[in-house]
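Observations on chain architecture
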Amino acid sequence: KLTEAAIKDVGSDVCSLDVGAVPKGRSRSLFAAVGCRDSTVRLLSLAPGKGSLLEQKSSTALGTTRPHSVALSNVEGEGGGEITLTVGLDDGSALRAGVDPVTGAISTSPSRRFLGARPVAVSRITLRGSSSTLLLSSRPWIGRAGEKGGRHAMAPMSYAPLDHGCSFSNEAVREGIVATSGNTLRILSVGDSGDAAAAASLGSEDDEAFNSNRVNLRYTPRQMCLLSARISESSRKIVLAIVESDANDYGMEDKKAMGFDGTGKSKSGSKKKESKGDDEAMDMDMEDSDDEEKKDGVDDEEDDEDDDDNTRQTPIRGPIPSEKGRWGSCVRLVDPADACSTLDCVEMNRNEAALCCASVRFHSRGGESLLAVGTVTGMTMHPLGHRESHVVLYRVVNGERLQLLHRTKVDNDGDKDIGPVLSLVHFQGRLLVGIGRTVRLYEMGKRQLLKKCELRGLPAMVKTLQAAGDRAYVGDMMQSIQFLRYDSTGNRLVLVAKDRNPRPVTCTELLDINTVAVGDKFGNVSILRLPRGADVGAIDITGTRALWDSSREDATPKLETLCTYHVGEVVTSMTRASLVAGGAESLIYVTVTGRVGAFVPFTSREDVEFYTSLEGYLRAEAPRPTGRDPQAYRSYYAPMKHVVDGDLCDAYGQLPYDARQKIAERLDRSVGEVMKKLEDTRNALL
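I will try to describe carefully the structure that is included in this document. (Residues numbered from 1 in each chain as written. Predicted model: local features only at pLDDT ≥ 70, side-chain atom pairs only at ≥ 80, totals over all residues. Heavy atoms only, no water.)

Looking at the overall build of the protein
Let me state the cut-off plainly: A run of H or I in DSSP counts as a helix once it spans at least four residues, and a run of E counts as a strand once it spans at least two, with each numbered from the N terminus. To sort residues, take the accessible area from a 1.4 Å probe on protein chains only and compare it with the maximum for the residue type: under 20% means buried, over 50% means exposed, and anything in between is partly exposed. Working rule for contacts: check all heavy atoms of both residues, and any pair within 4.5 Å makes them a contact.
Regarding its fold elements, the protein presents eight helices and 39 strands. Here the protein holds 686 residues, and 43% of them are scored as buried. Long-range pairs, those at least 24 residues apart, make up 52% of the contacts in the protein with a sequence separation of at least 6.

A few points about the pattern of salt bridges
Rules: The term salt bridge refers to a pairing of a side-chain nitrogen on Lys or Arg with a carboxyl oxygen on Asp or Glu at a separation within 4 Å.
Taken as a whole and assessed by the stated rule, the structure comprises 35 salt bridges. Across the salt bridge formed by Arg124 and Asp18, the nearest N and O atoms sit 2.7 Å from each other. One end of the pair, Arg124, is in strand β9 (residues 121–127); the other, Asp18, is in strand β1 (residues 14–19), with 106 residues separating them in the sequence. Exposure remark for Arg124: the relative accessible area of 27% places this residue in the partly exposed category. Shared partners join several salt bridges into a network, and the residues in it are Asp254, Glu323, Arg326 and Arg350.

What about the sheet that holds strand β30 (residues 471–476)?
To keep things clear, this is the line we draw: Two strands are said to pair when DSSP picks up at least two bridges between them. Axis lines are fitted to C-alpha atoms, over the contacting stretch for helices. Their N-to-C directions set the angle, which ranges from 0 to 180 degrees.
Reading across the sheet, the four strands line up as β29-β30-β31-β32 and stay open at both edges, with antiparallel pairing between neighbours. Only two strands of the sheet have a single partner each, and these edge strands are β29 (462–468) and β32 (492–498). Direction aside, the axes of adjacent strands within the sheet are offset by 30 degrees on average. As paired elements, β29 and β30 share six bridges and run antiparallel to each other. Each bridged residue has a counterpart across the sheet, and for Ala467 the counterpart in β30 is Ala472.

Things to note about helix α4 (residues 605–621)
Counted only if it meets this: The span you would expect from a helix comes to 1.5 Å times its residue count less one. As used here, the arc is the angular range of directions from the helix axis to the C-beta atoms.
Compared with an ideal rise of 1.5 Å per residue, which puts 17 residues at 24 Å, α4 spans 25 Å between its outermost C-alpha atoms and is within 8% of the ideal. All of the buried residues in α4 are Asp607, Phe610, Tyr611, Leu614, Glu615 and Leu618. Down the axis of α4, the sector holding all buried residues measures 130 degrees, keeping them to one side. Away from its buried face, by an angle of more than 90 degrees, α4 presents the exposed residues Arg605 and Ala620.

Quick look at the pairing of strand β31 (residues 481–487)
Counting buried residues in β31 gives six out of seven residues, a clear majority hidden from the surface. Where β30 lies against β31, five bridges are found, and the strand directions are antiparallel. Residue Ala472 lies in a different strand from β31, and its bridge partner there is Leu484. Between β30 and the antiparallel strand that follows it, β31, lie four residues; Ser480 among them carries a positive phi value of about 60 degrees. Both β31 and β32 contribute to a ladder of six bridges, which runs antiparallel. Each bridged residue has a counterpart across the sheet, and for Leu484 the counterpart in β32 is Leu495.

Notes on helix α8 (residues 671–685)
Three- or four-residue spacings in an α-helix give side chains the same orientation, since the helix completes a turn every 3.6 residues. Between its terminal C-alpha atoms α8 stretches 22 Å, which fits the 21 Å expected from 15 residues at 1.5 Å a residue. Listed as buried for α8 are Val671, Val674, Met675, Lys676, Lys677, Leu678, Glu679, Asn683 and Leu685.

A look at the sheet that holds strand β38 (residues 586–591)
Strands sit in the order β37-β38-β39 across an open sheet of three strands; the sheet is antiparallel. The sheet is open, and its two borders are formed by β37 (571–577) and β39 (596–599), each paired with just one other strand. Recorded for the sheet is a direction-independent mean angle of 25 degrees between the axes of neighbouring strands. Two elements, β38 and β39, share four bridges in a ladder whose sense is antiparallel. Paired with Leu587 across the two strands is Phe599, which belongs to β39.

Concerning the side chain of Ser16
In this structure, Ser16 sits in strand β1. Ser16 sits in the buried class, given a relative accessible area of 8%. Setting aside its immediate chain neighbours within four residues, Ser16 contacts Ala33, Val34, Gly35, Pro67, His68, Ser69 and Val70.

Quick look at unusual backbone geometry
Glycine aside, a negative phi is what most residues show, and trans is what most peptide bonds show. Of the consecutive residues His382 and Pro383, the connecting peptide bond is found in the cis state with omega at -5 degrees. The residue Pro383 is located in the loop between β22 (369–377) and β23 (388–397) in this model. Phi is positive for Ser39, close to 65 degrees, though the residue is something other than glycine. As for its placement among the helices and strands, Ser39 is situated in the loop between β2 (31–36) and β3 (40–45). Ser39 sits in the buried class, given a relative accessible area of 10%. We note that Leu54 has phi near 65 degrees; this positive angle belongs to a residue other than glycine. Turning to its location among the elements, Leu54 is positioned in the loop between β3 and β4 (56–61).

Treat this as a map of the structure, not an account of what it does.
Right, dumping it as structure tokens:
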């Protein structure tokens, strides 16, 4: 029997409603959240008594968008229970704010994050024994309180888009989700790995924002690039090209000729057949009384065989060649939209190693995306040498396979400046190639590439190449960065500026036409910029420049160092990208140990002052497991400049509450405001 206790007129149409969960030790919920079509969310009291029931405690305005769903969650914190209000909006973003459990006041600084293109549906679930929220947009998300310092974490689920979902629990699935997707009903369990067919993957706090697809390769990947392949006149397909190579290794054809199988499937298959044959022969002589023992023995043998199969899934290292200069290499075409499945794999010639690749669009080919691969034959490390180098051009046919167009031999003619091809880049409808100490510009011909111009005499060896407009940015293996400019009237490449500090460059990324980010072999990341007006006198229009010597060291402009930071690991690659839709661009880098990091640019002076002050206070308060000063570590090779240590600032949430309160008072903020500031910066990236 239902009894009407109270009626409340909120003055607007109600589009969403949620009654909060009952806290521990209480018989009823404290508040109810109401989302209205006037772009407001109101908090009503559920305390019994006249004048108290459905009394409005607080409200918050959402701007121009309307609430699609609301949810109230109870989170266990250090100071007791906390109430969190989560609002899913029609514009595809989610808003999260704290609620005072006594007065019902909503915090004035809610946290907002874009989740997808569809309106966000929010529901409460239980995950790892704690209250969490399920947010459904164009992809499912889970929000939960972090295990470190109570920091809130938002993570995408590695699963298909869902329409509706709520918490589910029974004897088989203690903490699950029942959801609908189209015309199907699905029951999910959220775990740390996504191996099961009906399990959604949610990582730990360190890697929760990333999902991974594993692609088994033959050799070590050296470089990759995206290609736009034409399927028909009106449709295109994005594919990924990967070049692989290994030193001191035989190619696939040589391994097959030797009878070597890296997977071990043939051996395991023969063993299985022998074991099955033996078992059948034994069954004929066994008595009925020994049936149970026979079954147990067979089961044990099958378990052992399964264990052997699991261990054999790891590739086995093939035989090591006795002579130097042996290489195994291939070019692989992968479809990123189909779980990174391999479309085509082209094995290179004997002892030929593919070391770099690039997507190039020649004007003479109508702007079609071609794959250029730089190869070296018979390359030895000590001493460094090779027999010959090639630039190979491939065409992607129907987005499924590679078609060889032609091979161009890079002849050295005894010139020491001509070395292995280590870098390629598209440059004004042509191909710019780094060959040893030489940068060369090629145009496409019918049978091979045609050399147009070159610049010799670079310091050590060209490792990386970037291009923008009429400029080329050359990363040297020992002497940092050189800025080049192409003079179309004289058909020549001119040195504009270079870095004054030697850096063993491993990777570069262009930030704008005057600024470049550099990673070196010692684990440092630096930001270099061309001084204003430095390229004005690079190209001589009058023709009188030959009257004096302009090749002196002091005559070349020097790059300015804007930022320097010691990561601690060798940075192997970096790129400028946004990880979430609508997020700001950041500098993403990866290291040799598999670590993924990012440099987030500050957009306001207030953020710079806040994080600089927080970093200064944490240098004294944060624990030091090794007893080393964080600033001294980040300045291992060069003084840290204009970079805030994000790992140190993230340690704020791991401090005791008294230490956090002390730092927050020095910053003239509350602990919640400091945590929200850290969370907003993280959400802007992830």
